[in-house]
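# Survey of secondary and tertiary structure
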Amino acid sequence: QVQLVESGGGLVQAGGSLRLSCAASISASSISATSWYRQAPGKQRELVASITSGGSTIYADSVKGRFTISRDGGKNAVYLQMNSLKPEDTAIYYCTLTLVGGRRYWGQGTQVTVSS
């Protein structure tokens, strides 16, 4: 069973920064892509950013230029650097792994709250 451990959420003022981390209990060679999703109260879960094993990245339009997804293969970890945070970024952020072969795993989520 793959385990994902997320950390780095918290409370920050608008304009501030946070870095989320996601550590996986599986070899990086087994991972096809790692993504961050978020779900705000009363809203559907949405893709925030994704990075493939080849290093390609995609971002939601709402976070382009402010968020950066990166990975550390040696630590089997993926990070989401979030700058210039806005109140509308408030949500639970989830890390997901898509393995080679298609199976997907979700983390437990970490709360990000941005105050105005």
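None of these values were measured; they are calculated from a predicted model. (Residues numbered from 1 in each chain as written. Predicted model: local features only at pLDDT ≥ 70, side-chain atom pairs only at ≥ 80, totals over all residues. Heavy atoms only, no water.)

### Quick word on the state of the cysteines
Counted according to the given criterion, the structure contains one disulfide. The residue that forms a disulfide with Cys22 is Cys95, at a sulfur-sulfur distance of 2.0 Å. The chirality of the disulfide connecting Cys22 with Cys95 is left-handed, given an S-S dihedral of about -80 degrees. Of the two residues, Cys22 sits in strand E3 (residues 18–24) while Cys95 sits in strand E9 (residues 91–99), which places them 73 residues apart along the sequence. (Disulfide = S-S within 2.5 Å. Helix = DSSP H or I, 4+ residues; strand = E, 2+ residues; numbered from the N terminus.)

### Digging into the pattern of salt bridges
What the rule picks out here adds up to four salt bridges. Asp89 is the partner of Arg66 in a salt bridge, and the nearest nitrogen-oxygen pair spans 2.8 Å. Here the residue Arg66 occupies a position in the loop between strand E6 (57–59) and strand E7 (67–72), and Asp89 occupies one in the loop between strand E8 (77–82) and E9, the gap between them amounting to 23 residues. Several salt bridges converge on common partners, so that one network encompasses Arg38, Glu46, Arg66 and Asp89. (Salt bridge = Lys/Arg side-chain N within 4 Å of Asp/Glu carboxyl O.)

### Topic: the environment of Gly73
Within the secondary structure layout, Gly73 lies in the loop between E7 and E8. Measuring from C-alpha to C-alpha, the distance between Gly73 and Cys95 comes to 16 Å, with 22 residues separating the pair along the chain.

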